[in-house]
Amino acid sequence: MRTPHTLRGATLGRAALATAATLALAATGLPAAHATTSAPAAAPSALAASPATDGDDWLTTDGNKVVDADGDDWLTTDGNKVVDADGKAVWMTGANWFGFNATERVFHGLWSGNIETITKEMAERGINLVRVPVSTELLVEWKNGETVVPNVNTASNPELVGMNNKEVFDYWLELCEKYGLKVLVDVHSAEADNSGHFAPMWYTDSVSTEDFYAGWEWLAQEYKDNDTIVAADLENEPHGTQKQDPRAKWDDSTDPDNWKHVAETAAEKILAINPNLLILVEGIEAYPRDGENWESQDEDDYYFNWWGGNLRGAADHPVEVAGDLNDQIMYSPHDYGPLVFEQEWFEGDDWDRDSLEADVWDPNWLYLHKENTSPLLIGEWGGFLDGDKNEKWMLALQETIVDYELHHTFWCINPNSGDTGGLLLNDWATWDEEKYAILEPTLWQEDGKFVSLDHQVPLGGVDSTTGISVSDVAGGSSGTPDTTAPTVPQDLAASDVTSTTAELTWSASTDDVRVTRYEVLDSAGAVVGTPSGTSFTVDGLTPETESSFSVRARDAAGNRSAPSDAVTVTTLAGPPEPEGGCTVEFDASNRWSSGYTANIQVQNDGDAAWSAWELEFEAPAGQSLANGWSATWTQTGSTLSATSMPWNGTVAAGGSVNLGVQINGGAGTPDAFTVNGEACSVG
């Protein structure tokens, strides 16, 4: 059944959603409304001297393109590569930060996080491109001189006092210059609405296609001399199935619902103003099978993929523009895992990277890279780490991105993306290190340093200890294919063994390019973990059982070392049964339409202390584990288990322990619990 393609996400989905944003604002004591004002004169920059990249040093022209003899930061394409003005290949590796597309009309998170701190940390951690969703409605408002005074926490952001939302955006562009970041602007929806991305088209009843063109023309004119904005993602996820009206199609017609024609028209209008911008064109949802056409209402006559992820039409009907500017055009698919929607290719357990690449990615978009037709930028990918199928998909796509050096922007920085979570945690200050460890190998690095797309400014700023500029890279991002495997990991050892877990450590491997991660193998050779560092906690072991593990290294090109010598672990006896019972309080008051978080208190009602504990309960139908804290969380079928950590396993008689969990899925909460196999009272 394919109609659920139109239901990807939920009301509180990837665009974040108004409820979460409003609740977060309310928590700061800020009002949930914003005032509309006319655009005042530009405020003085709050930055001190920033690197000058405003185009004042352009010296020559090449045809109708501006060229800086010293090397500016504009980009173009060459086959499946993105290159700078000198022809050096670059690798755009970034993340999304949304909010300007939503009703708040400003970055989300400024209700608690500091705009410069977040920006600087993105750069220091290797993000060299930020995809910024906006709406056509917002661009038209700015074109007409209409702004809002945004709801930001000025205690956290004193530099934003007195700024309207356009001034906040321009100030942030200055911060990007300061820290060596580049920007990809994405029209995420027609209307400024937290759920606007659910609309299938670039127009609605209140926003026309002409508004869509006008908004892009204004942005191209406004920033044509600012090479901080290097790319334009024309429209986020045009979609619709064969029975929807309207729905986006792709052919050579000039029909008003033909996304390919609209994309070509918008691109020509933008490039007439700024011929240096990269233009990104996303795919659609459904495309007719061979011999079929757009008139069919039969779903069996179509190929389906994620919204924006179906670029089959580019093979038969490539996007082309006038004026010898086709080298400014590239394609941008989106791809997600089963926690966003259980696509048919995720059914069962026998799928892997090879099957995804052959059955899904190759025919829908990866062929464009493999055939040297166009570069690809995966505009959205990411999700919750579930220790299961979603994480398996994410690692498969991570490998593919690294192996082919595909450009990408991870979804997302924001923790308030309901069906994916973010790289930042809910305080908008702490990074999710486990998720970042999956992203980090996909970020452009040379000799242990992250690489900016700026020719003067290192990624992270002039005093950066983690980044360099693209000028510091001799040959660009690609050279002779790497066929050399890393060295074998050495000194594998086990420590901190419990009844169900063991900590493995080893000495780092070396590689002629870089080691991107390690693969922990069980005695049968199955991969049980893929850490990026030199340690890993194996969990889910059986008490008083002997198990063997080895480790191999993997590099950026996909080469794997031989496995290390094995280490054998014998787990301890399991925890004693509690005496006298237990009580569990499960507070799931923090809910949204696609899930909830719960604070859990487990009380020892017995007469003896626990030295360790394991909480188990059944999740209601349709619910799955997203993540948890203060315990080792696993899910088997519908059963969720939380096993004590070394630091909180001991619970005195009459004492209690607190932990938490985030659940994806529908209504209902668990109503029965056990600790170490004994039923508990529910508080």
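The rules behind these values
- Residues numbered from 1 in each chain as written.
- Predicted model: local features only at pLDDT ≥ 70, side-chain atom pairs only at ≥ 80, totals over all residues.
- Heavy atoms only, no water.
- Phe/Tyr/Trp six-rings, centres within 6.5 Å; stacked < 30°, edge-to-face > 60°.
- Helix = DSSP H or I, 4+ residues; strand = E, 2+ residues; numbered from the N terminus.
- Buried < 20%, exposed > 50% of the residue type's maximum accessible area, 1.4 Å probe, protein only.
- Lys NZ or Arg CZ within 6 Å of the ring centre and 35° of its normal.
- Pairing = 2+ DSSP bridges.
- Axes fitted to C-alpha atoms, helices over the stretch in contact; angles between N-to-C directions.
- pLDDT = per-residue confidence, 0-100.
- Contact = heavy atoms within 4.5 Å.

**A look at the packing of aromatic side chains**
For step 1, the next point in the chain: Scanning the model with the defined rule gives 34 aromatic pairs in all.
For step 2, the next point in the chain: A ring pair is formed by Trp 306 and Tyr 336, whose centres lie 6.2 Å apart and whose planes are at 75°; its orientation type is edge-to-face. Separated by 30 residues along the polypeptide, Trp 306 in the loop between strand 14 (302–304) and helix 7 (313–316) and Tyr 336 in the loop between strand 15 (329–331) and helix 8 (353–370) bring together distant segments of the chain.
For step 3, the next point in the chain: Trp 306 sits in the buried class, given a relative accessible area of 2%.
For step 4, the next point in the chain: A relative accessible area of 0% means that Tyr 336 is categorised as buried.
For step 5, the next point in the chain: Between Phe 617 and Phe 673, the aromatic rings sit 5.4 Å apart at their centres with planes inclined by 65°, giving edge-to-face as the arrangement. Placement of Phe 617 in strand 30 (residues 614–618) and of Phe 673 in strand 35 (residues 673–675) is noted, with a sequence separation of 56 residues between them.
For step 6, the next point in the chain: Take Phe 617: its relative accessible area is 4%, and that puts it in the buried class.
For step 7, the next point in the chain: Put simply, the rings of Trp 97, Phe 100, Phe 107, Trp 142, Phe 169, Trp 172, Trp 218 and Tyr 223 pair up and form one aromatic cluster.
For step 8, the next point in the chain: The ring of Tyr 436 carries the charged tip of Arg 125 above its face, separated from the ring centre by 4.8 Å.

**What about the sheet that holds strand 21 (residues 490–495)?**
For step 1, the next point in the chain: Sheet architecture is open: 3 strands sit in the order 21-22-25, paired in antiparallel fashion. Every interior strand has two partners, whereas the edge strands, strand 21 and strand 25 (535–538), have only one. Across the sheet, the axes of successive neighbouring strands diverge by a mean angle of 20°, strand direction being ignored.

**Section: the confidence of the model for the protein**
For step 1, the next point in the chain: The share of residues in the protein with pLDDT of 70 or more is 87%, and the mean pLDDT across the chain is 86.
For step 2, the next point in the chain: Between residues 1–71, whose pLDDT stays under 50, and residues either more than four places distant or in other chains, the model counts 169 contacts.

**Re unusual backbone geometry**
For step 1, the next point in the chain: Looking along the chain, the bond that leaves Asp 245 and enters Pro 246 is cis, with omega of 5°.
For step 2, the next point in the chain: As for its position among the elements, Pro 246 is in the loop between strand 11 (229–233) and helix 6 (259–273).
For step 3, the next point in the chain: Going from Trp 411 to Cys 412, the amide bond is cis rather than trans, its omega being 5°.
For step 4, the next point in the chain: Take Cys 412: it is sitting in the loop between strand 17 (407–410) and helix 10 (433–439).
For step 5, the next point in the chain: The backbone of Trp 428 shows a phi angle near 60°, a positive value even though the residue is not glycine.
For step 6, the next point in the chain: Here Trp 428 lies in the loop between strand 17 and helix 10.
For step 7, the next point in the chain: Even without a glycine there, the phi angle at Ser 630 is positive, about 60°.
For step 8, the next point in the chain: Considering the arrangement of structural elements, one finds Ser 630 in the loop between strand 31 (624–629) and strand 32 (632–636).
For step 9, the next point in the chain: Classification of Ser 630 as partly exposed rests on a relative accessible area of 23%.

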